[in-house]
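Chain and residue survey
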Amino acid sequence: MVPVATDQTGDVVLRLEQVEQVYGTGESVVHALKGVSLDVHRGEYIAIMGPSGSGKSTIMNVLGCLDVASGGVYRIDGVDVADLAENELAHVRNRKIGFVFQAFNLIPKMTAQANVELPLVYGGVGRAERHERAARALERVGLAQRADHIPQQLSGGQQQRVALARAVVTEPAIILADEPTGNLDSVATNDVLDLFDELAVGGRTIVMITHEDDVAERADRVLVLCDGRIVADRATGADMHRADRVRAAQAARAATPVDQPVADGGAQPPHGAHAARPQTTWLQTTPMPITAVSTVPVQETA
Ligand SMILES: Nc1ncnc2c1ncn2[C@@H]1O[C@H](COP(=O)(O)OP(=O)(O)OP(=O)(O)O)[C@@H](O)[C@H]1O
Ligand SMILES: [Mg+2]
């Protein structure tokens, strides 16, 4: 079991204290993070911007426990990650955090359904429950009709929605996204950002890297990194109208035939289905516990 928060950090879920990251040695040394301090509060939606090479992905890798910082302290829910054993870190990565990447990172030979089930396979969830939860996650991103498709049969926007379903199928409290709209056109970008809005309204904590100003403006707070340091940190006010935007997006989705709207292209649904999109959203869900956690690697051909 991962130790739980003390009152030391209040509602701060992620805390970086003078975090440094140094890559390489000698002449090739790179100081990717030069003493970054940051508090992310529960339910906050943060965008991180900054020039290429400024340390955005480096900070994300530390936040996601994919990489260990070379200096400073990183706490999740008040717990110093340096005190966690490898199996506890794996537990945090699998249960507390959902990851979304620019390149989608779906497994090419697996269907959308199987891709979304994968974190549950690693979490030791039984077959029937896995199937049901993944199907529901796909329904929430409007892709129930595409469950049997493999990634190459899906457009970029659809693939990213599958990746988002995979990120949230374990009901993580924290979503980390590294340029999730970097490979998408503006319509698909908007679709994906609507889903992030739903997650934010549903209470998830979100940290998203982006190069695009209009994407960053959808977050509550924008941080700018430059040369391994935070050089700006401002509120956007986007949270004030988010619930209204979510309701409007849901109403629009409900009124639109499945797979019709998006310039998200792709093939037509396999059976020509054009029912209205399902209304299930993250607003209506409560986290479901994963009953058993396995840290034993599982074959990806489940
Ligand atoms: N594994 C590594 N080994 C050596 N240097 C690295 C490594 N990862 C990142 N760096 C260096 O650290 C710095 C920050 O890289 P990072 O990937 O965090 O930038 P970024 O802000 O995400 O850039 P981009 O917008 O291009 O994705 C860069 O100078 C990069 O070359
Ligand atoms: Mg990067």
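In short, a report on the structure. (Residues numbered from 1 in each chain as written. Chains lettered and ligands numbered in written order. Predicted model: local features only at pLDDT ≥ 70, side-chain atom pairs only at ≥ 80, totals over all residues.)

In a regular helix each residue adds 1.5 Å, so 16 residues correspond to 22 Å; helix H6 (residues 186–201) covers 22 Å between its end C-alpha atoms and thus fits that length. Burial analysis of H6 places 12 of its 16 residues in the buried class, which makes it a mostly covered element. Where H6 is concerned, the buried positions are Ala188, Thr189, Asp191, Val192, Leu193, Leu195, Phe196, Asp197, Glu198, Leu199, Ala200 and Val201. Against strand S3 (45–49), helix H5 (156–168), strand S7 (174–178), strand S8 (205–209), helix H7 (213–216) and helix H8 (242–254) lie the buried residues of H6. Just downstream of H6 lies Gly203, where phi reads positive at about 100°. (Helix = DSSP H or I, 4+ residues; strand = E, 2+ residues; numbered from the N terminus. Expected span 1.5 Å × (residues − 1). Buried ≥ 20, exposed ≤ 12 C-beta atoms within 10 Å, placed from the backbone. Contact = placed C-beta atoms within 7 Å.)

Time to look at the packing of H6 against H8. Running from N to C, H6 and H8 cross one another at 125°; their axes reach a closest spacing of 9 Å. Between H6 and H8, the angle is such that the two are oblique. Where H6 crosses over H8, the handedness of that crossing is left-handed. In this structure, H6 contributes Asp194, Asp197, Glu198, Ala200 and Val201 to the contact, and H8 contributes Arg242, Ala243, Arg245, Val246 and Ala249. Classifying every residue of the contact of H6 with H8 gives five nonpolar, no polar and five charged. (Axes fitted to C-alpha atoms, helices over the stretch in contact; angles between N-to-C directions. Parallel < 35°, antiparallel > 145°, perpendicular 65-115°, else oblique. Left-handed = near helix turned anticlockwise from the far one by under 90°. Nonpolar A, V, L, I, M, F, W, Y, C, P; charged D, E, K, R; others polar.)

This part covers the site of ligand 1. Around ligand 1 lies a shell formed by Tyr23, Gly24, Val30, Ala32, Gly50, Ser52, Gly53, Ser54, Gly55, Lys56, Ser57 and Thr58. Within the residue set of the shell around ligand 1, elements represented by two or more residues are strand S2 (30–41) and helix H1 (56–63). At three residues, the largest contribution of residues to the shell around ligand 1 is made by H1. Split by residue class, the shell around ligand 1 holds three nonpolar, eight polar and one charged. (Near = placed C-beta within 6 Å.)

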